[in-house]
Amino acid sequence: MRVIVIGAGIIGLSTAWYLRRLGAEATIIDPAPAQGASHAAAGMLAPAAEVVWGQSPLYPLMRASAKMYPDFAAEVASAAGADLGFTDAGTLVCAGDRADLQALRELRDAQSRSGFATELVTGSAARRIEPSLAPAVAGAVHIPGDWSIDPRRVSAALLSALSADAVSLVRQRVTELLKDGDATVGVRLADGRRMEADQVIVCAGIAVTEIAGSPELPIREVWGDVLRLRAPAEVAPLLTRVIRGLVNGRSVYLVPRPDGEIVLGASSREDGLSGTPAGAIHRLLADGQRLVPGILDAEITDITTRARPGSPDDLPMIGRIDSGCVVSTGYFRHGILLAPLGGRLGAELAVDAASDWPPDGTLQSVCPQRFTTADTTTHSARSFS
Ligand SMILES: Cc1cc2nc3c(=O)[nH]c(=O)nc-3n(C[C@H](O)[C@H](O)[C@H](O)COP(=O)(O)OP(=O)(O)OC[C@H]3O[C@@H](n4cnc5c(N)ncnc54)[C@H](O)[C@@H]3O)c2cc1C
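All figures in this text were calculated on a predicted structure; none of them were measured in a lab.

Asker: Describe the pairing of strand 1 (residues 2–6), naming the residues involved and giving the relevant values.
Answerer: When a strand is regular, its side chains alternate between the sheet's two faces. Within strand 1, 4 of the 5 residues are buried, which leaves it mostly tucked inside the rest of the structure. Strand direction decides the pairing type here: strand 1 and strand 2 (residues 25–29), joined by 5 bridges, are parallel. Residue pairing in the sheet places Ile6 in a bridge with Ile29 of strand 2. In the classification by handedness, the crossover that spans strand 1, the intervening helix 1 (residues 10–21) and the parallel strand 2 is right-handed.

So, in structure tokens, the structure goes:
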């Protein structure tokens, strides 16, 4: 089976990875591979810490994908001969001061109710675990099972492994899905060329609705600004695990990489501004230094602004839209975490692979048609009838 994958972000690349495992031929089309939201992402693999957002249908997906991660990362790393910056050192979610403690306790209660193993520790216990934490940090939730990975390394490794596995990459923009009646049979490229395939899978992130013939999905752009820092050699490593926190009720995080880089993020804006607002960077530095004062001695090596592909209910949209086309987008804040699950699910839907996977209810909760019809069950079948 010949499959075209539109988009070489983490979702298109992981979909192509699983397509190859299912024996399909894959061609990826993207004018700027791995430069979308996946380029900005901090790479937190955080099913427990993300419970704060209160979306219970998302938890089983995050949990299932987190479980797939060690094998997925090890296989991609081995195929590419690359280090993906994967760390399983855990996460501390900190209260910036006593006023943020109540919100932290509520977060911990919600995590416990959802079945995650977490522990509430005092500020001084948190500083024993991470000595760079500020004296004002009033307490923390310790989450051993929330890990991190470097998404830029993952994308580069997937591109390299897929290229070595006969997957071609066409550096072009797709302008249109070609149809035969209601069925997608290929794509038209910006240079006018037509490419045909047995199946097309659209993994174009926020740009999915810009492709003529694509379904009208309710994608929202949630802009995020993020900094990359490097601490001076004499204090490195400044941190050994992910530090998330609440500072005056605002979320902030610091994600250390094994190579010494620290990612400080992230804003969350729906103002449509694609540039980087100075105020967003100011707030990140101010909130970040309330948790880890040492970051003010670090060098800023990169500032990136990208839009997360959000959906109205913050769950992804993965499903068949006609007999020749599957869509896989809307991964919002969780596309790096959900890449193994979303990639495998999209690939299986495209080749109509029989499987007793994924977890119960997944196809219904991610059904792309759930916003346009009350009856999602008819749309969640693997084959479009
Ligand atoms: C600041 C920030 C921090 C984040 N941190 C985390 C995190 O810690 N953990 C986590 O799990 N998630 C995180 N996310 C979310 C995550 O980055 C996204 O959910 C994920 O990257 C979405 O992947 P994607 O492949 O769908 O989209 P993208 O990475 O945006 O890829 C889409 C690709 O499609 C291509 N494309 C678009 N239109 C066309 C076309 N017409 N033809 C061909 N190609 C096209 C684009 O060039 C792009 O390469 C973060 C996001 C941001 C912005």
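Asker: Which residues make up the packing of aromatic side chains, and what values do they have?
Answerer: Remark: the centre distance and the inter-plane angle together describe each pair of aromatic rings, the angle taken between the planes. Evaluated as defined, the whole model comprises 3 aromatic pairs. Geometrically, the ring pair formed by Tyr69 and Phe72 is edge-to-face, given 5.7 Å between the ring centres and 90° between the ring planes. Of this pair, Tyr69 and Phe72 both sit in helix 3 (residues 58–80), separated by 3 residues, roughly a single helical turn. A centroid spacing of 5.7 Å and a plane angle of 85° characterise the contact between Phe86 and Trp147, whose relative ring orientation is edge-to-face. Taken together, the residues span a long stretch of sequence, with Phe86 in the loop between helix 3 and strand 4 (91–95) and Trp147 in strand 7 (residues 147–148) at a distance of 61 residues. Put simply, the rings of Tyr18, Tyr69 and Phe72 touch in pairs and so form one group of aromatic residues. Here Arg63 stacks its cationic end above the ring of Phe116, 4.1 Å away from the centre of that ring.

Asker: Just give me the short version of the site of the ligand, but keep the residues and values in it.
Answerer: The ligand sits among 37 residues. The nearest are Asp30, Ser38, Met44, Phe332 and Arg333. Within the contact set of the ligand, an oxygen atom lies 3.0 Å away from a backbone nitrogen or oxygen of Gly335. Here the ligand loses 94% of its free accessible area of 1,000 Å² to cover by the protein chains. The set of elements that each furnish at least two residues to the shell around the ligand consists of helix 1, helix 2 (37–40) and strand 17 (299–310).

Asker: Report on the sheet that holds strand 9 (residues 174–180), specifying residues and quantitative values.
Answerer: Spatial ordering of the open sheet is given by 9-10-11, a layout of 3 strands whose pairing is antiparallel. Single-partner strands in this sheet number two, and they are strand 9 and strand 11 (194–196). Strand-to-strand, the axes of this sheet are offset by a mean angle of 35°, without reference to chain direction. Two elements, strand 10 (residues 183–189) and strand 11, share 3 bridges in a ladder whose sense is antiparallel. The residue of strand 11 that forms the bridge with Gly186 is Glu196.

Asker: Describe in detail the side chain of Glu261, supporting the description with residues and values.
Answerer: Tracing the backbone shows Glu261 in strand 16 (residues 261–265). Among the residues examined, Glu261 registers a relative accessible area of 14% and is labelled buried. Setting aside residues no more than four positions away along its own chain, Glu261 makes contact with Asp150, Arg228, Leu229, Arg230, Val255 and Pro256.

Scoring rules and cut-offs
- Residues numbered from 1 in each chain as written.
- Predicted model: local features only at pLDDT ≥ 70, side-chain atom pairs only at ≥ 80, totals over all residues.
- Heavy atoms only, no water.
- Buried < 20%, exposed > 50% of the residue type's maximum accessible area, 1.4 Å probe, protein only.
- Helix = DSSP H or I, 4+ residues; strand = E, 2+ residues; numbered from the N terminus.
- Pairing = 2+ DSSP bridges.
- Right-handed = clockwise from strand over helix to strand, strands pointing away.
- Phe/Tyr/Trp six-rings, centres within 6.5 Å; stacked < 30°, edge-to-face > 60°.
- Lys NZ or Arg CZ within 6 Å of the ring centre and 35° of its normal.
- Near = heavy atom within 4 Å.
- Polar contact = N/O pair within 3.5 Å; in protein donor to acceptor, adjacent residues only side chain to side chain.
- Areas by Shrake-Rupley, 256 points an atom, 1.4 Å probe, with all protein chains shown as cover.
- Axes fitted to C-alpha atoms, helices over the stretch in contact; angles between N-to-C directions.
- Contact = heavy atoms within 4.5 Å.

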